[in-house]
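Here is what each chain is made of, one letter per residue.
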Amino acid sequence: MSSSPDIAYVILAAQKFSSISAYVNFCFGLIGNLLLILIFMNLKIFHGNRCAFYLIAECLVDLAQLSQQFANEIWTLSLNGADPTKNSLIWCKLRTIMPQWCRLMLASIVCYAAIDQFFSTHYHRRFRQYSSLEMAKFQIGLAGCLCLAHTIPAGVFLNIDPVFGCVISSQALVNYYSYAFYPFLSGVIPTLISSVFSLLAYRNVRRIIRRQIPLERRRLDQQLTAMIFVRVIFFIWSQLPFTVYRIFSIRWVMPPGNTVAYAVTRWAQVISTALAYTSYAANFYIFYATSIRYRRQVKYFFTKRCALVLRRCCGWHPNVVQPLEILSGESGSELK
């Protein structure tokens, strides 16, 4: 059995790791998500594209999630390490409602994007007509309202316990989170939907050469399908440990005075949480690392921005790569 000072050091190390991971995720996520928004909104190739719209919406959700985590860490620092959710009932409720809403929205958007890519790359014209920007806007609005409505019970039944802090006072709601929300609504269901439709979309683009469509559109479909496929894989990989931990933590009652169990649970919490939050911060970087065409688009974006600045400041007119070259600069396919 470890001594009390050793256990205290382990718990303190977990707290430090949690704070550092929150700062790192916020910094990288802020930069990456803002760059994604700027690139998708400024490059004409993405204008009116449903998949780009879904990714922009996801960036906004990611920024909201990372901001609330960062705000909690700053507040904790100002209280010398004390948990602000144990001192403020409003923050106790918001600290639970906001992550829950963002988690559901993230799962919804990832599923919507995978489904949209399946329909938009389908060889039957009738299926391709189901994919439209108006439908994408309606789905995001509907998902936002439904996810917000889902958080109402948590806002009603959350209270501050003198011993355990911010907890749910309704046993029925605890059972719902344990047996329905985490295992299925935010676990199995979005994982199954996103993985199945991303694989089907991947299969569609493997056959896309048979369709008589412009080369630029074909390569854009290939690029976006590859990006969504990678996004789904990273989403499952990063969210699964947190889902398992939350199911375990809601149902398991810690023995009083068991500091070893508390230290192990604390480390399981901070590692799974840090991993889950990377899903809100890493989109730009995983796209940049896995997509050759996206790297060219990023390079074109920065070249164009720099060219505009130089043109305004110095009157210099450099040669800028044309948008079509972004997609057709290399003959190899990313999906091979």
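Predicted model only: the values in this text are computed from it and were never measured.

Rules used in this analysis
- One numbering rule holds for all chains: residues counted from 1, following each sequence as written.
- It should be noted that, the model being predicted, local features are given only for residues of pLDDT at least 70 and side-chain atom pairs only at 80 or more, the latter also being counted only at that level, while totals for whole chains, interfaces and linings use all residues.
- Only hydrogens and water are set aside when side-chain values are computed; all heavy atoms of the structure are taken into account.
- Simply put, an axis is a line fit to the C-alpha atoms, just over the touching stretch for a helix, and the angle between two N-to-C directions goes from 0 to 180 degrees.
- Under the DSSP-based scheme used, a helix requires at least four consecutive residues in state H or I and a strand at least two consecutive residues in state E, with every element numbered from the N terminus.
- When describing relative orientation, an angle under 35 degrees is termed roughly parallel and one over 145 degrees roughly antiparallel, while 65 to 115 degrees is termed roughly perpendicular and anything else oblique.
- When the near helix sits turned anticlockwise from the far one by under a right angle, the crossing is termed left-handed; a clockwise turn instead gives a right-handed crossing.
- In this description, contact between two residues means that some pair of their heavy atoms is separated by no more than 4.5 Å.
- Residues were grouped as follows: Ala, Val, Leu, Ile, Met, Phe, Trp, Tyr, Cys and Pro as nonpolar; Asp, Glu, Lys and Arg as charged; and all remaining residues, including Gly, as polar.
- Given a helix with a known number of residues, its expected span is that number minus one, times 1.5 Å.
- Two axes are fitted around each residue, one to the seven residues ending there and one to the seven starting there, and the angle between them is reported as the bend at that residue.
- UniProt positions are given in the numbering used here, feature names are shortened, and annotations may be inferred rather than shown by experiment.
- Working definition: a disulfide is two cysteine sulfur atoms within 2.5 Å of each other.
- Buried means the residue's accessible area, taken with a 1.4 Å probe over protein chains only, is under 20% of the maximum for its type, while exposed means over 50%, and partly exposed covers the values in between.

Any two packed helices are characterised by how steeply their axes cross, that is the angle between the axes, and by the distance between the axes. Remark: helix H3 (residues 89–120) packs on helix H5 (residues 133–150), axes separated minimally by 9 Å, with the N-to-C direction vectors making an angle of 150°. On the basis of their axis angle, the class for H3 and H5 is roughly antiparallel. H3 and H5 meet at a crossing whose hand is right-handed. Contacts between H3 and H5 involve Gln100, Trp101, Leu104, Met105, Ser108, Ile109 and Tyr112 from the former and Gln139, Ile140, Ala143, Gly144, Cys147, Leu148 and His150 from the latter. Of the residues contributing to the contact of H3 with H5, the split by class is nine nonpolar, five polar and no charged.

Where helix H2 (residues 50–78) meets H3, the axes come as close as 9 Å, and the angle between the chain directions of the two elements is 160°. One element, H2, and the other, H3, form an angle in the roughly antiparallel class. Crossing handedness for the pair H2 and H3: left-handed. Of the residues that constitute the contact of H2 with H3, the class distribution is 18 nonpolar, six polar and six charged.

In this model, helix H7 (residues 171–206) (36 residues) spans 49 Å end to end at C-alpha, consistent with the 52 Å of a helix rising 1.5 Å per residue. At Phe181, H7 shows its maximal bend, which comes to roughly 50°, and the proline Pro183 appears one to four places after that position.

Here we come to the UniProt feature "transmembrane region" (unreviewed entry) in the protein chain. Those residues carrying the UniProt feature "transmembrane region" (unreviewed entry) are residues 20–40, 140–160, 180–202, 223–247 and 267–288 in this numbering. End C-alpha to end C-alpha, residues 223–247 measures 36 Å, and it is 100% helix and 0% strand. End-to-end, the C-alpha atoms of residues 267–288 are 31 Å apart, and along that stretch the chain is 82% helix and 0% strand.

Summed over the entire model, instances satisfying the criterion amount to one disulfide. Between the sulfur atoms of Cys92 and its disulfide partner Cys166 the distance amounts to 1.8 Å. Looking along the S-S bond of the Cys92-Cys166 disulfide, the torsion reads about 75°, which is the right-handed sense. Placement of Cys92 in helix H3 and of Cys166 in strand S2 (residues 165–168) is noted, with a sequence separation of 74 residues between them. Among the residues examined, Cys166 registers a relative accessible area of 23% and is labelled partly exposed. Sulfur of Cys145: no disulfide; nearest cysteine sulfur belongs to Cys147 and is 9.4 Å away. Owing to a relative accessible area of 53%, Cys145 belongs among the exposed residues under this scheme.

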